[in-house]
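Given next are the chains, with one letter for each unit.
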Amino acid sequence: GNSVTQMEGPVTLSEEAFLTINCTYTATGYPSLFWYVQYPGEGLQLLLKATKADDKGSNKGFEATYRKETTSFHLEKGSVQVSDSAVYFCAPNAGNNRKLIWGLGTSLAVNP
Amino acid sequence: IAGITQAPTSQILAAGRRMTLRCTQDMRHNAMYWYRQDLGLGLRLIHYSNTAGTTGKGEVPDGYSVSRANTDDFPLTLASAVPSQTSVYFCASSESSGRGTDTQYFGPGTRLTVL
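None of these values were measured; they are calculated from a predicted model. (Residues numbered from 1 in each chain as written. Chains lettered and ligands numbered in written order. Predicted model: local features only at pLDDT ≥ 70, side-chain atom pairs only at ≥ 80, totals over all residues. Heavy atoms only, no water.)

**Re the sheet that holds strand β8 (residues 62–65) of chain A**
All names here are of chain A.
No. 1: If you walk across this open sheet you meet the 4 strands as β3-β9-β8-β7, and the pairing is antiparallel. The sheet terminates laterally at β3 (19–21) and β7 (56–59), the two strands that pair on one side only. Put simply, the sheet's adjacent strands are angled 15 degrees from each other on average, direction ignored.
No. 2: Across 3 bridges, β3 lies against strand β9 (residues 75–77) in antiparallel orientation. Note on β9: the bridge partner recorded for Ile-21 is Leu-75. (Pairing = 2+ DSSP bridges. Helix = DSSP H or I, 4+ residues; strand = E, 2+ residues; numbered from the N terminus. Axes fitted to C-alpha atoms, helices over the stretch in contact; angles between N-to-C directions.)

Quick look at the structure:
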């Protein structure tokens, strides 16, 4: 069936450190891939997306590349800030109804 | 533009009571969704609507009902609340559901506690 696996958190980093959050998926068809972010006390919002193989989504210094051969969509940022502290969700869409398949989320805490 | 609004922000409810969570969007999106978010379980889809007048069941629909009388509103009703329905509920919308590339936009959530 369709599923997504994210690296378990919480991830704790110091400011300006390099961030990688791994995401791999199993999905029928040719899914679009999304990363959403949830800041404390808020709803989710789109961080970035990629809709075909080798596309790179980017936003706010975050990047992720659609790797069809490894069914992965790892999130990276070169230098994290305290304001990046949030929960990050990887979500491919899949199936005939193209609904999002949600990972469990990875909590990131960035210390000054 | 407000985007998606949800009401109430939070609610404490006695078990067995009926409750309707409200969701309104002003983006004229065709598709709308209700999720619940629970620690350790992530986001789970309760019900969805691809367009006004239609609804569908998600992965955890039992105990919940929805209606979509018009484009803007998508209320979620708990007919007889139980403690396992304690959760944070998020409403979301997207321009369409079939294209698969559309972004979902989320409301701020409703925190519901059933005692």
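**With respect to the sheet that holds strand β8 (residues 76–78) of chain B**
The strands making up a sheet associate through hydrogen bonds between their backbones, and the pairing can be parallel or antiparallel.
All names here are of chain B.
No. 1: Pairing in this open sheet of 4 strands is antiparallel, and the strands run β1-β3-β8-β7 from one edge to the other. At either margin of the open sheet sits one strand with a lone partner, and together these are β1 (4–7) and β7 (64–66). Each neighbouring strand pair of the sheet contributes to a mean axis angle of 20 degrees, computed without reference to strand direction.
No. 2: Here 3 bridges tie β7 to β8, and the two strands are oriented antiparallel to one another. Counted as the bridge partner of Val-66 is Leu-76 from β8.

**Considerations on the state of the cysteines**
Residues and elements named next belong to chain B.
No. 1: For the coordinates displayed, the defined rule picks out 2 disulfides over all chains.
No. 2: One disulfide in the model links Cys-23 with Cys-91; its S-S distance is 1.9 Å. Judged by the sign of its S-S torsion, about -70 degrees, the cystine formed by Cys-23 and Cys-91 is left-handed. Taken together, the positions of Cys-23 in strand β3 (residues 19–25) and Cys-91 in strand β9 (residues 87–94) put the pair 68 residues apart, joining distant regions of the chain.
No. 3: The buried category is assigned to Cys-23, whose relative accessible area is 2%. (Disulfide = S-S within 2.5 Å. Buried < 20%, exposed > 50% of the residue type's maximum accessible area, 1.4 Å probe, protein only.)

**Examining the interface of chain A and chain B**
No. 1: The interface of chain A with chain B comprises 19 residues on the first partner and 22 residues on the second.
No. 2: Of the roughly 1,500 Å² buried between chain A and chain B, counting both surfaces, carbon and sulfur atoms make up 56%.
No. 3: Together, Leu-44, Lys-99 and Trp-102 of chain A form the three largest contributors to the area buried by chain A at its contact with chain B, with a combined 35%.
No. 4: Linking chain A with chain B are 0 salt bridges.
No. 5: Viewed at the interface, chain B and chain A are joined by 3 residue pairs in polar contact (both at pLDDT 80 or more).
No. 6: Its residues placed into classes, the side of chain A that touches chain B shows 8 nonpolar, 7 polar and 4 charged. (Contact = heavy atoms within 4.5 Å. Buried area = accessible area lost by both parts, 1.4 Å probe. Salt bridge = Lys/Arg side-chain N within 4 Å of Asp/Glu carboxyl O. Polar contact = N/O pair within 3.5 Å; in protein donor to acceptor, adjacent residues only side chain to side chain. Nonpolar A, V, L, I, M, F, W, Y, C, P; charged D, E, K, R; others polar.)

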